[in-house]
Amino acid sequence: MTARVTAEAVRAVLDTVPDPEMPPVSVAELGMVVDVAVDGRGSVRVDLVPTFSACPAIPVIREDVKRAVAALDGVSAVQVRYVSGVVWDPSRISPEGQRKLGAFGIAPPGPAQDPALLQIGGVTCPTCGSRDTVTDSPFGPTPCRSTHYCRACRNPFEAMKP
Amino acid sequence: MARWEVLGRRAAGAAWSTVGSVHAPDIEMALLLARDAFFRHGEGADLAVGRGRLHGSAEDPPSAADPAPDFSEFRVLGGGELLRFWTDKSYKLQRGYAGLGAERRRALARVRQAGAVIDRPRPPDRRQRRDSPAPAVRRPPAPPPIDWSDVEPHTGLLLALGDDDHILGHRHTAWTGVAPHLEEDLAFSSIAQDEIGHGLVWYGLAAERLGTDVDATGLGRQPDEYRHALLCEQPADDWAYTIARHLLYDLAKQVRLDTLAESSWAPLAEATGALRRELRYHRWHAEAWLQRLAASTVARERLIAALRRALPEAVALFETVPGEDALVTARVLPRSHRDQLAAWFDATADALDAAGIGDLVDRTLEPPSAGGRRGLHGPEFMIVWEEMTALYRSGVGER
């Protein structure tokens with residue numbers, strides 16, 4: 001007799017699936033999980049949204065999520081979909097996710113940004129906490145990250161793009 | 001790891017001077033690092049590395065005859081040798097592209113000569129050693145063949161959208177590794193990656209309708225079954241043209257996505273959300289370059305020439321898609337391409353005006369009545385197609 005799987009159990013396990021590019025943070029903490037549906041026969045559907053449409057980690061994350069959910073007790077089938085009705089933006093990152101990203105050296109976008117002009121200013125430096133920072137380039141090592149420089153502690157750092 | 005002192009001199013026979021030091025496990029690596037760190041722009045005729053007491057202080061300058069008497073290991077990389085070892089960076093220079101046109105014509109002739117290559121997919125390369133059994137290839141059940149040139153209008157629209165983004169993204173990648181500077185290399189590669197990713201979004205919707213997969217949709221068609229506009233397939237061998245095209249395309253893409261966001265067909269409207277968010281970065285990038293080039297003298301002339309060339313090509317983005325009237329009536333396409341063209345003329349004129357370029361927009365230009373959207377492409381596309389689909393056609397990595 002196996003336990004019946006619940007949506008809560010699935011969400012809990014999604015909190016342990018690391019993002020392949022930023023492993024300290026889980027895909028759930030990054031706000032990539034849109035919906036979890038579980039039916040009475042143990043069939044699970046997970047709806048995800050990618051951070052950027054061209055994220056090369058999309059298929060990797062799909063497989064990682066599928067594997068993690070399938071390992072749960074009472075799961076008979078797993079379907080992982082990417083849905084287009086939701087647009088990801090960094091406000092989807094949980095407070096815990098923001099904290100872990102900061103510890104990893106990646107700042108969430110700052111409060112002073114102007115989305116129209118893409119002045120990604122006022123981003124808080126994850127190293128020293130200063131807001132005296134400037135944008136180097138909106139195009140960082142992955143599509144969802146920009147590069148910045150802190151004038152206070154003179155460290156370069158990255159941020160999630162607004 | 002040992003520290004090696006690096007000495008250099010401007011000309012053969014001139015006095016040696018110390019220029020710095022490198023850390024390296026052995027003398028060969030030390031020479032290599034010294035060359036890359038201190039002499040990569042031809043700063044001197046000879047360089048030398050040595051291990052031992054730092055020589056060449058002001059009181060005790062190294063002499064030409066005996067530059068490093070106290071070094072336990074010492075080697076000079078002389079003029080000729082120094083040059084010989086320089087890495088060829090000619091591709092970093094504008095003139096490094098000289099002769100590219102001729103090379104392309106030769107490639108085209110080769111492609112034409114091989115005729116069959118364009119007419120039908122290359123047979124899978126499964127040459128095996130006779131004594132080893134062929135590995136088992138797990139093949140999905142063969143899907144019913146799709147007549148790509150006769151899909152219904154919804155799917156045709158998706159193919160046109162996907163092909164524009166995909167082919168242009170492929171062309172943008174030509175700058176990966178050779179963009180004007182390092183940050184630009186990252187930025188433009190990122191934009192190219194985005195365009196290909198956006199192509200995938202449209203292909204995903206088309207594949208769903210056709211019951212096939214995105215690879216088959218994006219890579220499994222014959223050249224005349226692609227529906228992109230002429231602008232997208234042109235080679236990216238000139239930075240001014242690349243920027244002109246990038247600007248004109250992303251202004252057109254803004255009009256297009258703003259239009260499709262109002263579509264009565266939910267999957268199409270929903271797909272524009274993420275794309276519009278990401279397009280902001282492309283527009284920011286294109287407009288930053290527009291301003292930078294427009295503020296210069298030589299670059300400004302080249303930019304204007306490139307815009308004059310790209311503008312008529314960009315108008316072809318607004319060719320009607322097959323079955324357009326029905327799509328417009330059903331508000332799947334809430335604005336016809338003719339109306340979108342008018343909006344793009346306005347947006348383009350505004351952008352060029354803001355950069356002080358002046359009025360280059362000729363509103364009498366008309367998109368072709370039968371062009372890229374109906375599978376007609378220039379010879380340049382054959383080269384793109386060959387390269388882009390080679391891996392898919394080879395069957396390597398088949399899923």
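From a predicted model like this one, the values you see are computed outputs, not experimental measurements.

How each quantity is defined
Residues numbered from 1 in each chain as written. Chains lettered and ligands numbered in written order. Predicted model: local features only at pLDDT ≥ 70, side-chain atom pairs only at ≥ 80, totals over all residues. Heavy atoms only, no water. Contact = heavy atoms within 4.5 Å. Buried area = accessible area lost by both parts, 1.4 Å probe. Salt bridge = Lys/Arg side-chain N within 4 Å of Asp/Glu carboxyl O. Polar contact = N/O pair within 3.5 Å; in protein donor to acceptor, adjacent residues only side chain to side chain. Nonpolar A, V, L, I, M, F, W, Y, C, P; charged D, E, K, R; others polar. Helix = DSSP H or I, 4+ residues; strand = E, 2+ residues; numbered from the N terminus. Buried < 20%, exposed > 50% of the residue type's maximum accessible area, 1.4 Å probe, protein only. Disulfide = S-S within 2.5 Å. Expected span 1.5 Å × (residues − 1). Phe/Tyr/Trp six-rings, centres within 6.5 Å; stacked < 30°, edge-to-face > 60°. Lys NZ or Arg CZ within 6 Å of the ring centre and 35° of its normal. pLDDT = per-residue confidence, 0-100. Pairing = 2+ DSSP bridges. 1 Å grid on protein atoms, 1.4 Å probe; cavity = no way out; pocket = protein on both sides within 12 Å on 5 of 7 lines; lining within 4 Å. Points joined across faces, edges and corners; volume = space filled by probe spheres on them.

1. Examining the interface of chain A and chain B
Part 1 of the reasoning: Taken together, the contact between chain A and chain B spans 20 residues of the former and 21 residues of the latter.
Part 2 of the reasoning: Across the chain A to chain B interface the summed buried area is about 1800 Å²; carbon plus sulfur atoms make up 62%.
Part 3 of the reasoning: Our count for the contact surface shared by chain A and chain B stands at 0 salt bridges.
Part 4 of the reasoning: Our count for the chain A to chain B interface comes out at 8 residue pairs in polar contact (both at pLDDT 80 or more).
Part 5 of the reasoning: Grouping the constituent residues of the side of chain A that touches chain B by class yields 13 nonpolar, 5 polar and 2 charged.

2. Brief notes about unusual backbone geometry
Part 1 of the reasoning: In this structure, Arg154(A) is a non-glycine residue whose phi angle is positive, near 60°.
Part 2 of the reasoning: Relative to the helices and strands, Arg154(A) is located in the loop between strand S6 (145–150) and strand S7 (156–160).
Part 3 of the reasoning: Here the phi dihedral of Arg331(B) falls at roughly 60°; this positive angle occurs in a residue that is not glycine.
Part 4 of the reasoning: By secondary structure assignment, the location of Arg331(B) is in the loop between helix H12 (324–329) and helix H13 (337–354).

3. A closer look at the pattern of salt bridges
Part 1 of the reasoning: Applying the stated criterion to the full structure yields 26 salt bridges over all chains.
Part 2 of the reasoning: Across the pair Asp164(B) and Arg373(B) runs a salt bridge, and its minimum N-O distance is 2.9 Å. Taken together, the residues Asp164(B) in helix H5 (residues 153–172) and Arg373(B) in the loop between H13 and helix H14 (379–394) connect sequence positions 209 residues apart. Here the two residues Asp164(B) and Arg373(B) agree in accessibility, since each one is buried.
Part 3 of the reasoning: Measuring nitrogen to oxygen at the nearest pair gives 3.8 Å for the salt bridge that ties Glu313(B) to Arg309(B). Remark: Arg309(B) and Glu313(B) occur in helix H11 (residues 298–315); sequence separation between them is 4 residues, near one turn of the helix.
Part 4 of the reasoning: Glu313(B) gets classed as buried once you look at its relative accessible area, which sits at 12%.
Part 5 of the reasoning: Each of Asp35(A), Arg45(A), Asp47(A) and Arg81(A) takes part in one network of salt bridges that share partners.

4. Quick word on the state of the cysteines
Residues and elements named next belong to chain A.
Part 1 of the reasoning: Taken as a whole and assessed by the stated rule, the structure comprises 0 disulfides over all chains.
Part 2 of the reasoning: Not engaged in a disulfide, the cysteine cysteine 55 finds its nearest cysteine sulfur in cysteine 144; these two sulfurs lie 6.2 Å apart.
Part 3 of the reasoning: Given the relative accessible area of 16%, cysteine 55 is considered buried.
Part 4 of the reasoning: The closest cysteine sulfur to the non-disulfide-bonded cysteine 153 is located on cysteine 150, 3.6 Å from its own sulfur.

5. Focus on H5(B)
Part 1 of the reasoning: Spanning 20 residues, H5(B) covers 28 Å between terminal C-alpha atoms, matching the ideal 28 Å at 1.5 Å per step.
Part 2 of the reasoning: With 18 of 20 residues buried, H5(B) is to be regarded as a mostly interior element.

6. What about the packing of aromatic side chains?
Residues and elements named next belong to chain B.
Part 1 of the reasoning: According to the stated counting rule, one finds 8 aromatic pairs over all chains in the structure shown.
Part 2 of the reasoning: Taking 5.4 Å as the distance between ring centres and 40° as the angle between the ring planes, the aromatic pair formed by phenylalanine 318 and tryptophan 344 counts as tilted. Here phenylalanine 318, found in the loop between H11 and H12, pairs with tryptophan 344, found in helix H13; they are 26 residues apart in sequence, far enough to count as distant.
Part 3 of the reasoning: An aromatic cluster is defined as three or more aromatic residues linked by ring pairs; in this entry it consists of Trp175, Phe188, Trp239 and Trp289.
Part 4 of the reasoning: Above the plane of the ring of tryptophan 148 lies arginine 221, whose end atom (NZ or CZ) is 5.3 Å from the centre.
Part 5 of the reasoning: Seen from the ring of tyrosine 241, arginine 309 lies directly overhead, with NZ or CZ sitting 3.7 Å from the centre.

7. Side note on the confidence of the model for chain B
Residues and elements named next belong to chain B.
Part 1 of the reasoning: Put simply, chain B has an average pLDDT of 83, and 79% of its residues get 70 or more.
Part 2 of the reasoning: Of the regions scoring below 50 in pLDDT, residues 83–92 engages in 13 contacts with residues more than four places distant in sequence or in other chains.
Part 3 of the reasoning: The low-confidence segment residues 116–123, where pLDDT is below 50, has 16 contacts with residues more than four positions distant or belonging to other chains.
Part 4 of the reasoning: In the predicted complex, the global pTM is 0.74; the interface-specific ipTM is 0.87.

8. Some words on the pairing of strand S3 (residues 77–82) of chain A
Part 1 of the reasoning: Note: strand S2 (residues 43–48) of chain A against S3(A), 6 bridges, orientation parallel. In the strand pairing of S3(A), Val44(A) is matched with Val78(A).

9. Description of empty space enclosed by the protein
Part 1 of the reasoning: On inspection of all chains with the given rule, the structure shows 2 cavities of 30 Å³ or more.
Part 2 of the reasoning: Within this model, the largest cavity holds a volume of roughly 80 Å³.
Part 3 of the reasoning: As for the largest cavity, its lining consists of Asp19(A), Glu21(A), Met22(A), Leu30(A), Met32(A), Thr51(A), Cys55(A), Ala57(A), Ile61(A), Thr142(A) and Cys144(A).
Part 4 of the reasoning: Counted by class, the lining of the largest cavity contains 7 nonpolar, 2 polar and 2 charged residues.
Part 5 of the reasoning: In this structure, the second largest cavity encloses a volume near 60 Å³.
Part 6 of the reasoning: Along its surface, the second largest cavity is lined by Leu157(B), Ala160(B), Leu161(B), Asp164(B), Arg256(B), Leu260(B), Val321(B), Leu333(B), His337(B), Gln340(B) and Arg373(B).

10. Considering the sheet that holds strand S4 (residues 106–107) of chain A
Part 1 of the reasoning: Spatially, the 4 strands line up as an open sheet ordered S4-S7-S6-S5 (chain A), and their pairing is mixed. The sheet is open, and its two borders are formed by S4 and strand S5 (133–137) of chain A, each paired with just one other strand.

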